[in-house]
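Given next are the chains, with one letter for each unit.
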There are 2 protein chains.
Amino acid sequence: MAKSKSFHHGDLKRALMRAALEILDEDDVAGVTIRAVAKRAGVSHAAPANHFPDRRALLTTLAAEQFEWIFDAIQAGSSRDDLMPIDRIAVLFDVFLQFGLEHPYRYQLLWRYDLIDHDADILREPADRVYDFLTGEIGKIICRKTVDPDTVAVAIWSMMHGYLDLRMTGMFEDRQDIISGKPRAQAILSIISDYLEGLRAAP
Amino acid sequence: MAKSKSFHHGDLKRALMRAALEILDEDDVAGVTIRAVAKRAGVSHAAPANHFPDRRALLTTLAAEQFEWIFDAIQAGSSRDDLMPIDRIAVLFDVFLQFGLEHPYRYQLLWRYDLIDHDADILREPADRVYDFLTGEIGKIICRKTVDPDTVAVAIWSMMHGYLDLRMTGMFEDRQDIISGKPRAQAILSIISDYLEGLRAAP
DNA sequence: CTCTAAAATTGACACTGTCTATATTGACTT
DNA sequence: AAGTCAATATAGACAGTGTCAATTTTAGAG
């Protein structure tokens, strides 16, 4: 078997990832140090080096798992075949919003290019799947040739990410009364929805 | 005088900020350590403690200066009184895009809530000025009462920030051929512009 | 049972921020 | 002019960090 269950820990790599995720949720990525993860997993501070060459690799793997979870959630939510492309985009939007609002530290890790390796295959593959899902659905919507689907994808993805990111920084926090964050988030969704509807219409 | 020119350094606080900005541009915020800043300013590693209680305070001041610069640039660019609100928003957009693309490390620092103190007055004041400028111009555009200007501001700000942020992570980098970044950025601007034009029209 | 390669440990190094005590400076008071 | 004193700069120490090297432990093959 490829994953040899060795030593007293069984599968330390998986145990390290679980410990890292726990610490991430509690303490932000700053708390996810090699030594803290090792301590929670019950091993010495240098044990993780056997499974991850450095901290960047550990965090990259952690981020990749989040992208995989997100993609799975999008697929699960849009598996019904009576959904229109616009509805499937809404599913993607909902998944990201819910994920970001529930797990802000996980979400922010996804974009920490200074801590993770965006060019790594394990990260790029699931991220591309999500992105391709979006561009694919947009392509089904747009009829006229004057608009570039990729530009629309960039615009939508930008607004979605920007809203989440700024919301987490507290940029909008006390500028208006958002409590659960949902109403304002749905307003953003409706803006995007209207925009896409507008694109479908002939010029 | 409040700012006493004392000791051999004259105004160490300003010298520290200059050194910090240089290092930021070269090495990202990770390189802006207290000790590195002190070394570049030619003082001992504990000297900055007299002017900034901790690293967070230093970085917060550094970020505040960037917001002040941005606001000044927006004002300088939109001082002509023959500009329409939509044009003034375009100026804000251009200033942010140019600032972000030219100085990515400065831009990213502005949103590192884990490193700077977003509630500090010195930071919140110039940031609010920029944000209020945007909401003010949007308010001039929107006529119908069914749309909340603040929501529109959030949407626009989100798209602008999201595009810059994602672009810096390399999310769009090799998914299409952007070289200078300007064409795609202008496409985003035109999307926002169209959106605002649509809002002006009666329902 | 032995051998071996992977896995885990221990210790060390150069960093970091920040705290303490100490020394220096410059301006104000008497 | 001499002295005082708060502000400013220094040097040293401490607990952290990531990562490297040498060492020991383990699990399974022969």
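Residues numbered from 1 in each chain as written. Chains lettered and ligands numbered in written order. Predicted model: local features only at pLDDT ≥ 70, side-chain atom pairs only at ≥ 80, totals over all residues. Heavy atoms only, no water.

Student: Where do I start with the protein's contact with DNA strand D in this structure?
Tutor: Neighbouring residues of DNA strand D: 19 residues in total, closest A:I34, A:R35, B:S44, B:H45 and B:H51. The sugar and phosphate moieties of DNA strand D supply 60% of its atoms located within 4 Å of the protein. A:R35 is positioned such that a nitrogen or oxygen atom in its side chain is 2.7 Å from a base nitrogen of DNA strand D. Between DNA strand D and B:S44, the relevant distance is 2.5 Å, taken from a phosphate oxygen to a main-chain nitrogen or oxygen of the residue. A per-class count over the surface near DNA strand D returns eight nonpolar, seven polar and four charged. (Near = heavy atom within 4 Å. Polar contact = N/O pair within 3.5 Å; in protein donor to acceptor, adjacent residues only side chain to side chain. Nonpolar A, V, L, I, M, F, W, Y, C, P; charged D, E, K, R; others polar.)

Student: Is there a simple way to explain the nonpolar core in this structure?
Tutor: Side chains that are nonpolar tend, in soluble globular proteins, to be buried together. Judged by nonpolar contacts, the single largest core of 144 residues is most densely connected at A:W157 and B:W157. Excluding residues that lie within four positions of it along the chain, B:W157 makes contacts with A:L166, A:M171, A:F172, B:F96, B:W111, B:V130, B:Y131 and B:L134. (Core = buried A, V, L, I, M, F, W, Y, C linked by side-chain atoms within 4.5 Å. Buried < 20%, exposed > 50% of the residue type's maximum accessible area, 1.4 Å probe, protein only. Contact = heavy atoms within 4.5 Å.)

Student: Mind showing me how you'd approach the relation of the copies chain A and chain B here?
Tutor: Copies of the same chain, two in number, are related to each other by a rotation about an axis and a translation along it. Turning chain A through 180° and shifting it by 0.0 Å along the axis lays it on chain B, with an RMSD of 0.0 Å. The operation mapping one copy onto its partner corresponds to a two-fold rotation axis. (Least-squares fit on C-alpha atoms with pLDDT ≥ 70 in both.)

Student: Would you take a moment to explain the pattern of salt bridges for this structure?
Tutor: Opposite charge on two side chains lets them pair, provided their charged atoms get close. Tallied over the full model, the rule gives 22 salt bridges over all chains. One salt bridge in this structure joins A:E26 and A:R40, with 3.1 Å as the shortest N-O distance. Pair noted here: A:E26 is in helix α1 (residues 12-27) and A:R40 is in helix α2 (residues 34-41), with a separation of 14 residues, a long-range link. Among the charged side chains, a network of salt bridges with common partners joins A:R112, A:D114, B:R112 and B:D114. (Salt bridge = Lys/Arg side-chain N within 4 Å of Asp/Glu carboxyl O. Helix = DSSP H or I, 4+ residues; strand = E, 2+ residues; numbered from the N terminus.)

Student: Can you help me understand the interface of chain A and chain B in this one?
Tutor: The extent of an interface is frequently quoted as the accessible surface area lost upon association of the parts. Opposite the 37 residues of chain A that make contact, chain B presents 38 residues. Taking both partners together, chain A and chain B bury about 3500 Å²; carbon and sulfur atoms supply 59% of that area. At the surface where chain A touches chain B, the tally comes to two salt bridges. Between B:D114 and A:R112 there is a salt bridge, with its nearest N and O atoms 3.7 Å apart. Here the side of chain A that touches chain B gets 13 residues from one element, more than from any other, and that element is helix α7 (residues 149-169) of chain A. For the side of chain A that touches chain B, the residue count by class is 17 nonpolar, nine polar and eleven charged. (Buried area = accessible area lost by both parts, 1.4 Å probe.)

Student: Just checking my understanding: could you explain unusual backbone geometry for this structure?
Tutor: Trans peptide bonds make up the majority, and among non-glycine residues the majority have a negative phi. Backbone geometry places A:D28, a non-glycine residue, at a positive phi of 70°. Positionally, A:D28 belongs in the loop between α1 and α2.

Student: Would you mind showing me how to read the packing of aromatic side chains here?
Tutor: Aromatic ring pairs are described here by two measures, namely the spacing of the ring centres and the angle between the planes. In the structure shown here, the tally under the stated rule is 14 aromatic pairs over all chains. Each ring, one from A:F96 and one from A:Y107, has its centre 6.4 Å from the other, and the planes form 90°; the classification is edge-to-face. With A:F96 in helix α4 (residues 85-102) and A:Y107 in helix α5 (residues 104-109), this residue pair connects regions lying eleven residues apart in the sequence. In terms of burial, A:F96 and A:Y107 fall into one category: buried. Ring-pair connections join several aromatic residues into one group, and the members of that group are A:F67, A:F96, A:Y107, A:W111, A:Y131 and A:W157. Sitting over the ring of B:F71, B:R129 keeps its end group 4.9 Å from the ring centre. (Phe/Tyr/Trp six-rings, centres within 6.5 Å; stacked < 30°, edge-to-face > 60°. Lys NZ or Arg CZ within 6 Å of the ring centre and 35° of its normal.)

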